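# Reading the structure
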Amino acid sequence: MTVQRIRFATLFMAMVSALIIFTPKTALASNDNTIAVDINSKNAQEITVSLPDGTEGTLGLAPVNNPPTLTRASYDLGNGSGTWKVYWYTAVLNTSYMVQIKNYNIVRCYDNYSSGIGVLIDSCTLNWGSKWSTQTTRHHEPILQTSDTRFLKGNISGSQLVTSVHYG
């Protein structure tokens, strides 16, 4: 290993250690890694989640205001319709996508986004159907040569959009 890589690895480990030490310990149990939001509401929600591998992050849903072109902005989530940002943010890996819902059905998923600090994103795909959406992000850590896959999911259940994050 070169001196530059050793310095980078040392700095990276120091940053991760500091984040672990100073992060508030309000994480939920690993089996509570879901959020359910009533599609008819206008409220954003997020929770802190701790996965079985020790990864802590923020899983959230936020309504997106998409005003029509050249008109005054309006925001209507009535009849189970609206656009939501589904996201998973950690100290190392951030992923998100938009889901557009109409009459309690997913009609579009877009703006698939992934970024990482100290990790390289190998692939990021977004698939969806009328009641489900899944973003799959494959990434690896170049120094320790570890790799992982994260699944960020959004499913329609009745009048709720239920999101979850899993690893594999």
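Above: the structure in question.
Residues numbered from 1 in each chain as written. Predicted model: local features only at pLDDT ≥ 70, side-chain atom pairs only at ≥ 80, totals over all residues. Heavy atoms only, no water.

### A few points about the overall build of the chain
- A tally of helices and strands in the chain yields one helix and 10 strands.
- Reading the chain from its N terminus to its C terminus gives the helix and strand order α-β-β-β-β-β-β-β-β-β-β.
- In the chain, buried positions account for 35% of the 168 residues.
- Of all intrachain contacts in the chain linking residues separated by at least 6 positions in sequence, the fraction that spans at least 24 positions is 41%.
- Accessible area for the chain stands at about 9,500 Å²; split by element, carbon and sulfur atoms hold 55% of it. (Helix = DSSP H or I, 4+ residues; strand = E, 2+ residues; numbered from the N terminus. Buried < 20%, exposed > 50% of the residue type's maximum accessible area, 1.4 Å probe, protein only. Contact = heavy atoms within 4.5 Å. Areas by Shrake-Rupley, 256 points an atom, 1.4 Å probe, with all protein chains shown as cover.)

### Some thoughts on the packing of aromatic side chains
- Applying the stated criterion to the full structure yields one aromatic pair.
- Over the face of the ring belonging to Tyr87 we find Lys85, whose NZ or CZ atom lies 5.9 Å from the ring centre.
- The ring of Tyr110 is capped by Arg108, whose NZ or CZ atom sits 3.9 Å from the centre of that ring. (Phe/Tyr/Trp six-rings, centres within 6.5 Å; stacked < 30°, edge-to-face > 60°. Lys NZ or Arg CZ within 6 Å of the ring centre and 35° of its normal.)

### A look at the sheet that holds strand E6 (residues 105–116)
- An order of E2-E3-E4-E5-E6 is seen for the five strands of this open sheet, with the pairing classed as antiparallel. On the outer flanks of this sheet lie strand E2 (45–50) and E6, each paired with one strand and no other. Adjacent strand axes in the sheet meet at a mean angle of 15 degrees, parallel and antiparallel pairs treated alike.
- Summarising the sheet, E2 and strand E3 (residues 56–64) pair through six bridges and their orientation is antiparallel. Residue pairing across strands places Gln45 opposite Leu61, the latter belonging to E3. (Pairing = 2+ DSSP bridges. Axes fitted to C-alpha atoms, helices over the stretch in contact; angles between N-to-C directions.)

### With respect to the pattern of salt bridges
- Inspection of every chain in the model, using the stated rule, returns one salt bridge.
- For Asp148, the salt bridge is made with Arg150, and the minimal N-O distance between the two is 3.2 Å. Per residue, the accessibility class of Asp148 equals that of Arg150, and both read buried. (Salt bridge = Lys/Arg side-chain N within 4 Å of Asp/Glu carboxyl O.)

### Let's talk about the nonpolar core
- The biggest cluster of nonpolar side chains holds 20 residues, and the ones touching the most others in it are Trp84, Val99, Ile101 and Leu161.
- Of all the secondary-structure elements, those providing two or more residues to this core are strand E1 (34–38), E3, strand E4 (82–90), strand E5 (93–102), E6, strand E9 (146–157) and strand E10 (160–167).
- Leaving out residues up to four positions away in the same chain, Ile101 has contacts with Ile39, Gly80, Ser81, Gly82, Trp84, Ile106, Ile156 and Leu161. (Core = buried A, V, L, I, M, F, W, Y, C linked by side-chain atoms within 4.5 Å.)

### Quick look at the environment of His166
- Assignment of secondary structure puts His166 in strand E10.
- Among residues more than four places away in sequence, those in contact with His166 are Asn33, Thr149, Arg150, Phe151 and Lys153.
- Looking at His166, its side chain comes within polar contact range of the side chain of Ser164, at 3.0 Å. (Polar contact = N/O pair within 3.5 Å; in protein donor to acceptor, adjacent residues only side chain to side chain.)

### Observations regarding the sheet that holds E9
- Reading across the sheet, the five strands line up as E1-E10-E9-E8-E7 and stay open at both edges, with antiparallel pairing between neighbours. With partners counted over all chains shown, the strands left at the sheet margins are E1 and strand E7 (120–128), one partner each. Neighbouring strand axes in the sheet, compared pairwise and without regard to direction, differ in orientation by 10 degrees on average.
- Bridge analysis of E1 against E10 gives five bridges, and the strand direction is antiparallel. Paired with Ala36 across the strands is Val162, a residue of E10.

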